[in-house]
Amino acid sequence: MKLEMGYFNIRDVVFGTGSKLDSGVLTIDRAALERLVLEDESIKSVVVDIARPGESVRITPVKDVIEPRTKVAGKGGIFPGVISNVETAGSGTTYALKGMAVVTAGRIVGFQEGIIDMTGPGAQYTPFSRLINVCMVCEPVESAERHVYEKAVRMAGLRAAAYIGSLAKDAVPDEIKVFETLPLMEGKAAFPNLPRVAYVQMLQSQGLLHDTYVYGVDVKRIVPTLLYPTELMDGAVISGNCVSACDKNTTYHHLNNPVVADLYEAHGKTLNFTGVIITNENVYLADKQRSSDWTAKLCKMLDLDGVIISQEGFGNPDTDLIMNCKKIEAEGIKTVIITDEYAGRDGKSQSLADSDPAATAVVTGGNANQVVLLPKLDKVIGTLDYVTKIAGGNENSIREEGIIEVELQVFTGATNELGFNTLSAR
Amino acid sequence: MTKLKAVHYINQFFAGIGGEETADYLPEIREGAVGPGLAFQQAFGDAAEITATVICGDTYFNEHPEDAQNQIVQMIATQQPDIFIAGPAFNAGRYGVACGMICDTVRQRLGIPVLTGMYEENPGADMFKTKVYITPTKNNAAGMRKAVQTMMPLALKLARQESIGASCEDGYMPNGVRVNFFEKERGSKRAVAMLVKKLAGKAFTTEYPMPVFDRVDPSPAVQDITKAKIALVTSGGIVPKGNPDHIEASSASRYGEYNLAGVRDLTADTYETAHGGYDPTYVNEDADRVLPVDVLRDLEAEGKIGSLYHTFYTTTGNGTAVASAKQFAAEIGRKLKNAGVDAVILTST
């Protein structure tokens, strides 16, 4: 499967009449975007705002971050099975608007959303401080239960990203990159001497608003399966998560999966990147056993030499991570796992909830319990009402002069377990 | 800027006094730098000065650790240094133990920063690396130059009381304290590089060596459940409405203990969850779903259990450090035992 990606470098985003993309400047018709969000009758109101890198702005409670994309050639569409019809995506041509994102926010669960600081010490921990963010703070109608509210905001974000992405349809991208994964046998013939490597991506599926969707299917209900890496670039996997902000994978992360990018980079040189195995992180033991058995089975079936396993979330999913690692290693296939740590505020506690001697190669995204002090910022997009309750905050989080003391946990994407960041720990 | 003051500790061999035959040399303080201290002094330049060197024979130190340390600490105290440096001891076992021990004692008694260096397999390393900063060195004195180069900047940082980076940044042995820092490459790139090395059978370094877990054997079965006093303990965050003790939604620093006397059923008006790791809608509707008080009251009335203990213990398991959980569990366990509780139902989410 072959996908051509066209990238547009977005230099600025402004409000104006008539949405358009012109020489790197994106104009958004605010009223049109608001109408698009309010199509969902569960959303009572929305406030749309723009936050730029370096501005004294704090965005919270952040639910999802999404990169605008659009399909210009080939089968299927963006976010297949959710926004577009359910048709296999990942081939043809897709355009992406780089340097910007749609950020959805709202008090869905309150303590399970995150913070994006656009400046100050907090900004270095969230990669989204480096993007121009079109923020949509969504309020639900009173009768909407949390899961209804979550779905409404999830869908609104995807609709907005697809709408903004479509503005690039007739423009000429700044850069084009081609990604190709050959069918198994052809791949083996093309790179007979390179180790065969796949990517095992664990998707958050603990339920109760810890959910992920693949082609519209709730990941709790899948058994491990195979994807071409390019399917992810078309939004085959989307986030429906309300979980600690630091190590949940936003839809932006799925679209720009760094493991996929870096395996493609090494593809044909030091390894043969054969594909992606997606699996879940269900809470029932039988599900954990089935999924890790099947993941190891698929690795063996693909005749792999090595895999990279990435995690999402912490605690309970640590058991899935270790089960996957142990069973894949037992098949004689080498593994590297990517995780993050909860070593306590003092860094002295053990970092994972499960372990095994088979996990000899670990990459860490850092200790999420590290405490940081954040100055007051001039403007808040959303509300600070949940800062004392958010995962990573506490009753003393708001201090004198508006200073906030929080753990890294609160920052969206801070200790990402796809290896999106440079933050680490020793 | 005023020069920082350092005191250096070496054994009789590095002081040029002699080998094994003089290893019972008594503690002595000399003005200025001696032996390897000269290399440190040169590396420090104008930033710091070794004002004194303490010399002690390895045999004397190891055979009279209390006396040796008392004397040495007194000698160091007179200098009022900003930093105390010992060694490096390379692979000399007794010297390494002496360096680690005197650093640990100086740190505790005088409250000044300390630093030593030794080979990773020196027995002193395992004994003291979680207590004092130890720079890894080669196994013999041929590694002196490199040891000084690594120790010097860390010594200055410590002397200036600056915050210390991760072990791989500041060149000390991993000491069990995880410290965040920014790598040059992002995690995914490091993972690919690590996998390529692992596949090729080349050496690679894991970023997190697997911890060793303690496993708890389950207690024997309760003899007669109809007589047993049963307690409820949860990591599901059930608290009286309003979360009176402000238990955190994640990374809990405390647990709560609440009285259940007269409580037959947890209702939406009386209890809720403080846990930040799941959709609380259904547990807030009926907290018995996580802390089954209603069912246990039924069993109590039916005579199927002896009684429900009048207090329940609760915290949030979400992102809570294992060390905190262990401490809570030890306290809660002690309290339950003292109260004569026979069995506990632990619920999570």
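Position numbers for residues count from 1 along each chain, tracking the sequence in the order it is written. Note on labels: chains are lettered from A, ligands numbered from 1, in written order. Two thresholds apply to this predicted model, a pLDDT of at least 70 for residue-level local features and 80 or more for giving and counting side-chain atom pairs, whereas whole-chain, interface and lining totals are computed over all residues.

Enquirer: Quick rundown of the overall build of chain A? Include the residues and the values.
Expert: Looking only at helices and strands, chain A has eight helices and 25 strands in total. Both definitions apply: the radius of gyration is a C-alpha atom measure, and the globule rule equals 2.2 Å times residues to the power 0.38. Scaling as 2.2 N^0.38, a compact globule of 426 residues should have a C-alpha radius of gyration of about 22 Å, and chain A matches this with 21 Å. In terms of its C-alpha atoms, chain A occupies a principal-axis envelope of roughly 55 × 55 × 40 Å. Burial is judged by counting other C-beta atoms within 10 Å of a residue's own C-beta: 20 or more means buried, 12 or fewer means exposed, and anything between counts as partly exposed, with every C-beta placed from the backbone. For chain A, with 426 residues in total, the buried portion stands at 62%. For every residue pair, C-beta atoms are placed from the backbone, and the pair is scored as a contact if these atoms sit within 7 Å. If you take every contact in chain A between residues at least 6 apart in sequence, the share linking residues at least 24 apart comes to 79%. Put simply, DSSP marks the helices as runs of H or I at least four residues long and the strands as runs of E at least two long, and each gets a number from the N terminus on.

Enquirer: If you had to explain the overall build of chain B to someone new, which residues and values would you point to?
Expert: A tally of helices and strands in chain B yields eleven helices and 14 strands. For 349 residues, the compact-globule formula gives about 20 Å, and the C-alpha radius of gyration of chain B, at 29 Å, lies well above that figure. Across its three principal axes, chain B shows a C-alpha extent of roughly 85 × 50 × 45 Å. Counting over 349 residues, chain B shows a buried share of 43%. Partitioning the contacts of chain B with sequence separation of at least 6, the portion at a separation of at least 24 is 71%.

Enquirer: How would you explain the sheet that holds strand S3 (residues 48-56) of chain B if you had to name every residue and give the values?
Expert: All names here are of chain B. Two strands qualify as a pair provided DSSP detects at least 2 bridges between them. Ordered in space as S2-S3-S1-S4-S5-S6, the six strands form an open sheet in which the pairing is mixed. Each edge of the open sheet is held by one strand with a lone partner, namely strand S2 (28-31) and strand S6 (133-137). Direction aside, neighbouring strands of the sheet carry axes that sit 25° apart on average. In the sheet, S2 pairs with S3 via four bridges, with the strands oriented antiparallel. The residue bridging Glu31 from the neighbouring strand is Ala52, located in S3. Axes here mean lines fitted to C-alpha atoms, for a helix over just the part in contact, with angles spanning 0 to 180 degrees between N-to-C directions. Its contacts with the sheet put helix H1 (residues 36-44) on strand S1 (4-11), S3 and strand S4 (83-86), and the angle it makes with S3 is roughly 165°. Relative to the sheet, helix H6 (residues 144-159) contacts S1, S3, S4, strand S5 (114-119) and S6, its axis offset from that of S6 by approximately 165°.

Enquirer: Outline the nonpolar core, supporting the account with residue identities and numerical values.
Expert: We define a nonpolar core as a collection of buried residues of the types Ala, Val, Leu, Ile, Met, Phe, Trp, Tyr and Cys that are connected via C-beta atoms lying within 7 Å of each other. The biggest cluster of nonpolar side chains holds 165 residues, and the ones touching the most others in it are Val103, Cys135, Met136, Val307 and Ile308 of chain A. For this core, the leading source of residues is helix H2 (residues 146-166) of chain A, giving ten residues. For Cys135 of chain A, the residues in contact, after removing those within four places along its chain, are Val48, Asp49, Ala51, Ile59, Val103, Ala105 and Ile381 of chain A. Membership of the second largest hydrophobic core comes to 56 residues, among which are Ile72, Ala98, Cys99 and Leu158 of chain B.

Enquirer: Got a sec to walk through the domain arrangement of chain B? Specific residues and values, please.
Expert: Examined at the domain level, chain B breaks down into domain 1 (4-170) and domain 2 (225-347). Reported domain spans reflect what an automatic or database domain assignment gives. Taken over C-alpha atoms, the centre of domain 1 of chain B sits 51 Å from the centre of domain 2 of chain B.

Enquirer: Lay out the environment of Val307 of chain A in plain terms, naming residues and giving numbers.
Expert: Residues and elements named next belong to chain A. Tracing the chain through its elements places Val307 in strand S19 (residues 306-310). For Val307, a count of 28 C-beta atoms within 10 Å puts it in the buried group. Measuring from C-alpha to C-alpha, the distance between Val307 and Ile337 comes to 8.5 Å, with 30 residues separating the pair along the chain. Residues within four places of Val307 in sequence aside, it is in contact with Val197, Ala198, Tyr199, Val200, Cys299, Ile328, Ile333 and Thr335.

Enquirer: Summarise helix H11 (residues 322-338) of chain B; cite the residues concerned and give the values.
Expert: In this model H11 of chain B runs 24 Å from its N-terminal to its C-terminal C-alpha over 17 residues, within 8% of the 24 Å that 1.5 Å per residue would give. Once H11 of chain B ends, the next one or two residues include Gly340 of chain B, with phi positive near 75°. What a helix is expected to span follows from its residue count: subtract one and scale by 1.5 Å.

Enquirer: Talk me through the sheet that holds strand S17 (residues 237-241) of chain A; I want residue IDs and the actual numbers.
Expert: All names here are of chain A. The strand order across the open sheet built from three strands is S15-S14-S17, with neighbouring strands paired in antiparallel fashion. Every interior strand has two partners, whereas the edge strands, strand S15 (217-218) and S17, have only one. In terms of strand pairing, strand S14 (residues 210-214) meets S17 through five bridges, oriented antiparallel. Note that in S17 the partner of Val214 across the bridge is Val237.

Enquirer: Give me the lowdown on the interface of chain A and chain B, citing residues and values where you can.
Expert: Contact with chain A, which involves 68 residues of that partner, is made by 49 residues of chain B. When residues of the side of chain A that touches chain B are traced back to their parent elements, those giving at least two are H2, helix H6 (258-266), S19, strand S20 (334-341), strand S21 (362-367) and strand S25 (423-425) of chain A. Top contributing element to the side of chain A that touches chain B by residue count: S21 of chain A, with six residues. Lys, Arg, Asp and Glu make up the charged group, whereas Ala, Val, Leu, Ile, Met, Phe, Trp, Tyr, Cys and Pro make up the nonpolar group; the residues left over, Gly among them, are polar. Taken together, the residues of the side of chain A that touches chain B sort by class into 30 nonpolar, 26 polar and twelve charged. Across three bridges, the pairing between S25 of chain A and strand S7 (residues 180-182) of chain B is antiparallel.

Enquirer: Residues and numbers for the packing of H1 of chain B against H6 of chain B, please.
Expert: Residue and element names in this part refer to chain B. The geometry of H1 relative to H6 is characterised by a closest axis approach of 10 Å and an angle of 45° between their N-to-C directions. Relative to H6, the element H1 lies oblique. Pair H1 / H6 crosses with right-handed handedness. Between H1, through Pro36, Ala39, Phe40, Ala43 and Phe44, and H6, the contact on the second element is made entirely by Met144, Val148, Gln149 and Met152. Partitioned by chemical class, the residues of the contact of H1 with H6 number eight nonpolar, one polar and no charged. With respect to orientation, any angle under 35 degrees is reported as roughly parallel, any angle over 145 as roughly antiparallel, any angle of 65 to 115 as roughly perpendicular, and every other angle as oblique. Should the near helix be turned anticlockwise from the far one by less than a right angle, the crossing is termed left-handed; should it be turned clockwise, right-handed.

Enquirer: Give a description of unusual backbone geometry that names residues and reports values.
Expert: Cis rather than trans, the peptide bond between Thr60 of chain A and Pro61 of chain A has omega equal to -5°. Tracing the backbone through its elements, the reader meets Pro61 of chain A in strand S6 (residues 57-66). Positioned with a positive phi, Tyr215 of chain A is a non-glycine residue whose angle comes to about 50°. Position of Tyr215 of chain A relative to the elements: it lies in the loop between S14 and S15. When the 21 C-beta atoms within 10 Å are taken as the criterion, Tyr215 of chain A is described as buried. Notably, His246 of chain B is not glycine yet its phi reads approximately 55°, a positive angle.

Enquirer: How would you sum up the environment of Ile345 of chain B? Please name residues and give values.
Expert: With respect to the helices and strands, the residue Ile345 of chain B is situated in strand S14 (residues 343-347). Not counting residues within four places of it along the chain, the set of residues in contact with Ile345 of chain B comprises Ile230 and Leu232 of chain B.

Enquirer: How would you sum up the pairing of strand S4 (residues 25-28) of chain A? Please name residues and give values.
Expert: All names here are of chain A. Side chains Leu26 and Ile28 project from S4 onto a buried face, and the interleaved Val25 and Thr27 project onto a face without burial. The sheet contact formed by strand S3 (residues 20-22) and S4 spans three bridges and is antiparallel. Bridge pairing in S4 links Leu21 to Leu26.

Enquirer: Explain H6 of chain B to me, and be specific about the residues and the numbers.
Expert: Along an α-helix, residues three or four apart share an orientation, since each turn contains 3.6 residues. Residues and elements named next belong to chain B. For H6, which comprises 16 residues, the first-to-last C-alpha distance of 21 Å matches the rise-based estimate of 22 Å (1.5 Å per residue) to within 8%. Bend is the name given here to the angle between axes fitted to two runs of seven residues, the run ending at a residue and the run starting at it. Along H6, the sharpest change in direction is near 25° and occurs at Met151; proline Pro153 comes one to four residues later. Those residues of H6 lying buried are Ala147, Val148, Met151, Met152, Leu154, Ala155, Leu158 and Ala159. Count one or two residues on from H6 and you reach Gln161, which has phi positive near 55°.

Enquirer: Can you explain the packing of helix H3 (residues 65-79) of chain B against helix H4 (residues 93-110) of chain B? Please cite residues and give values.
Expert: Geometrically, a packed helix pair is captured by the angle between its two axes and the distance between the axes. Residue and element names in this part refer to chain B. At their nearest, the axes of H3 and H4 sit 10 Å apart, and the two run at 55° to each other. Viewed along their axes, H3 and H4 adopt a mutual orientation that is oblique. Every pair of crossing elements has a handedness; the one defined by H3 and H4 is right-handed. Contacts between H3 and H4 involve Pro65, Gln69, Ile72, Val73, Ile76 and Ala77 on the former and, on the latter, Met101, Ile102, Thr105, Val106, Arg109 and Leu110.

Enquirer: Before we move on, can you summarise the pairing of strand S8 (residues 92-98) of chain A with the specific residues and values?
Expert: All names here are of chain A. Here strand S1 (residues 2-9) runs beside S8; their pairing, made up of seven bridges, is parallel. Its bridge partner lying in S8, Met5 is registered against Thr94. Where strand S7 (residues 69-73) and S8 come together, four bridges link them in antiparallel fashion. Looking at S8, one finds that Lys71 is bridged to Thr94.

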